[in-house]
Amino acid sequence: MDNYIGILTGGGDCPGLNAVIRAVVRRAMQEKIAIMGIFSGWRGLIDGNIKPLTRYSVAGIQYKGGTILGTSRCNPFDDPEGLQKIRDNWKKYGLSSLIVVGGNGTLSCSMRMWKHEGYPLVGVPKTIDNDIMGTDYTFGFDTAVSIATDAIDRLHTTAEANHRVMIVEVMGRHTGWIATQAGIAGGADIILIPEKPFRISEVCDLLRKRKAVGRNFSIVVVAEDARPHPDEDYLTAEQRDRVYNEEHLGGIGAIVGRWIEDRVSLSSRVTVLGYIQRGGSPTAFDRVLATRLGVHAVEMVLRGEFGRMAGMRGVDMVSVPLEEVADKAKPVNEELYRIAEIFFG
Ligand code: F6P
């Protein structure tokens, strides 16, 4: 009987995916188990876009961004014939288990594929947002934070030279992990995150105070889903729909910039980091984390630990039930944000 482990990468890409794929292939090779690469996420399992991965097809890919398997946001439950096609291809390609590398959407879908359809699968958390429950870190996050920190460092020098308020909008979906961590590292004067609705009057008071003591420039880091407090929510309905569009978040930085200019006599400029945070080579930390998670996922398959996700707690690899992960987002650690606040103003 065939005994192949399938692997797919779903959702948005993030640096480190290739390191996971390589690690899965190399650890499985030690057990003489072959790995089937499924292309374009769940879409590849539906369409039968599946090919064996060899030692040579994954050689030297750990430093490359993106994913050699390609990805998609395809959800098999949305395709009326998708589940039947997956059943057929599962048999046709001799799959005995599946490793799914994905973010919140893909892992929630994996939980259903395990619980309701009975597929023996193991999840591996990936996202630059670091918002997955059950793991302290996701690979891709350290790379995104490094890129955002470098950008803040560069904005600092130009802000100081031109006496400007620099607003930096960063990714993170519904959590402020990238904003908080990069803000601390880059010495942000204020950090606005979704978990802490902001009052623009307080932001402006802080900037005025800085100006009063001769600090003629400031760095404001804004997470893409940061929201004004209901007490001071001046967004129009059109702005709200555009900025908090689930398909594509973004634009709150420009609005905050305008609100600041209207209230404080300082010029402001807005930089949206966007997809730069997700592209390019992973940091060494992310390569190692991705490699460890890939190896751990294969070992979970060997032990028959299905319906679970590989994760990291402290410095250890752990295995957590997908039910504890699905349909949730891990908010920013309160302690981390409290530390960031010490440096505001
Ligand atoms: O979840 C990762 C992420 O990069 C978010 O930070 C961002 O909001 C989203 O994906 C963008 O997704 P898409 O690739 O669909 O535009």
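All figures in this text were calculated on a predicted structure; none of them were measured in a lab.

Participant: Outline the packing of aromatic side chains, supporting the account with residue identities and numerical values.
Facilitator: Applying the stated rule across the entire model yields six aromatic pairs. Between Y137 and F141, the aromatic rings sit 6.1 Å apart at their centres with planes inclined by 25°, giving stacked as the arrangement. Note on Y137: relative accessible area 31%, which makes it partly exposed. In textbook terms, an aromatic cluster arises when at least three aromatic residues are bridged by ring pairs, as seen for Y137, F141, W177 and F285. Taking the ring centre of F217 as reference, the NZ or CZ of R210 above it sits at 5.3 Å. Above the ring of Y244, the side-chain terminus of R227 is found at 3.8 Å from the ring centroid.

Participant: How would you sum up unusual backbone geometry? Please name residues and give values.
Facilitator: Even without a glycine there, the phi angle at N130 is positive, about 55°. If you trace the backbone, N130 turns up in the loop between β5 (121-125) and α5 (141-162). Here D327, not a glycine, exhibits a phi torsion of approximately 60°, which is positive. Looking at the secondary structure, you find D327 in the loop between β11 (316-321) and α11 (334-342). Exposure remark for D327: the relative accessible area of 52% places this residue in the exposed category.

Participant: Residues and numbers for the domain arrangement of the protein, please.
Facilitator: Parsing the protein into structural domains produces domain 1 (4-140 + 282-324) and domain 2 (142-278). Put simply, the middle of domain 1 and the middle of domain 2, counted by C-alpha atoms, are 34 Å apart. In this assembly, 15 residues from domain 1 lie in contact with 13 residues from domain 2. Roughly 1100 Å² of surface becomes buried between domain 1 and domain 2 when both sides are summed, with 50% attributable to carbon and sulfur atoms. For the interface between domain 1 and domain 2, the tally reads one salt bridge. In this structure, D13 engages R278 in a salt bridge whose closest nitrogen and oxygen atoms are separated by 3.1 Å. Viewed at the interface, domain 2 and domain 1 are joined by eight residue pairs in polar contact (both at pLDDT 80 or more). In the side of domain 1 that touches domain 2, the residues fall into six nonpolar, four polar and five charged.

Participant: Any chance you could break down the pairing of strand β8 (residues 218-223) for me, citing the residues and the numbers?
Facilitator: Summarising burial for β8: six of the six residues are buried, a large majority. Both faces of β8 are covered, namely the face carrying S218, V220 and V222 and the face carrying I219, V221 and A223. Pairing geometry for strand β6 (residues 164-170) and β8, over six bridges, is parallel. The partner of I167 across the bridge, within β8, is V220.

Participant: Could you give me a rundown of α11, with the residues and numbers involved?
Facilitator: Listing the buried residues of α11 in full gives L336, Y337 and A340. One side of α11 carries all its buried residues, which in axial view fall inside an arc of 95°. Residues of α11 that are exposed and angled more than 90 degrees away from the buried face: E334 and I342. Looking at the packing, one finds that the buried side of α11 touches α6 (177-186) and β7 (190-192). The backbone nitrogen of E335 lies 2.9 Å from a side-chain oxygen of the residue at the head of α11, namely N333.

Participant: Could you give an account of the sheet that holds β5, with specific residues and numbers?
Facilitator: Spatial strand order, β3-β2-β1-β4-β5-β10-β11: seven strands in an open sheet with mixed pairing. In this open sheet, the two strands that pair with only one neighbour each are β3 (50-53) and β11. Within the sheet, the average angular offset between the axes of one strand and its neighbour, ignoring direction, is 30°. Relative to strand β4 (residues 95-102), strand β1 (residues 4-9) runs parallel, the two sharing six bridges. Following the sheet pairing, T9 is matched in β4 by V101. Most of the contacts of helix α10 (residues 284-303) go to strand β10 (residues 308-313), to which it runs at about 140°, and overall it touches β1, β4, β5, β10 and β11.

Cut-off values and rules
Numbering of residues starts from 1 in each chain and follows the order in which that chain's sequence is written. For this predicted model, a pLDDT threshold of at least 70 governs which residues receive local features, and a threshold of 80 or more governs which side-chain atom pairs are given and counted, while totals over whole chains, interfaces and linings are taken from all residues. Hydrogens and water molecules were not included; the side-chain quantities draw on all heavy atoms of the structure. Ring pairs shown here join Phe, Tyr and Trp side chains whose ring centres sit within 6.5 Å, with only the six-membered ring taken for Trp; geometry is labelled stacked below 30 degrees between planes, edge-to-face above 60, and tilted in between. Here's how the labels work: a residue is buried when its accessible area is under 20% of the maximum for its type, exposed when over 50%, partly exposed in between, all with a 1.4 Å probe on protein chains only. In this analysis the charged atom, NZ for Lys or CZ for Arg, is taken to sit over a ring once it is within 6 Å of the ring centre and within 35 degrees of the ring normal. The helix count covers DSSP runs of H or I at least four residues long, the strand count covers runs of E at least two residues long, and both are numbered beginning at the N terminus. Here the bounds of each domain stem from an automatic or database domain assignment. A contact between two residues is defined here by any heavy atoms of the two lying within 4.5 Å. By convention, the term buried area covers the 1.4 Å-probe accessible surface removed from two parts as they join, with the contributions of both added. Salt bridge, as used here, is a side-chain nitrogen of Lys or Arg placed within 4 Å of a carboxyl oxygen of Asp or Glu. Between N or O atoms, a polar contact is any pair within 3.5 Å; within protein, one atom must be a potential hydrogen donor and the other a potential acceptor, and residues adjacent in sequence are included only when both atoms are from side chains. We call Asp, Glu, Lys and Arg charged. Ala, Val, Leu, Ile, Met, Phe, Trp, Tyr, Cys and Pro are nonpolar, and the rest, Gly among them, are polar. When DSSP finds two or more bridges between a pair of strands, those strands are recorded as paired. Of all possible arcs, the one meant is that of the directions from the helix axis to the C-beta atoms. Axis definition: a line fitted to C-alpha atoms, over the contacting stretch in the case of helices. Angles run 0 to 180 degrees between N-to-C directions.

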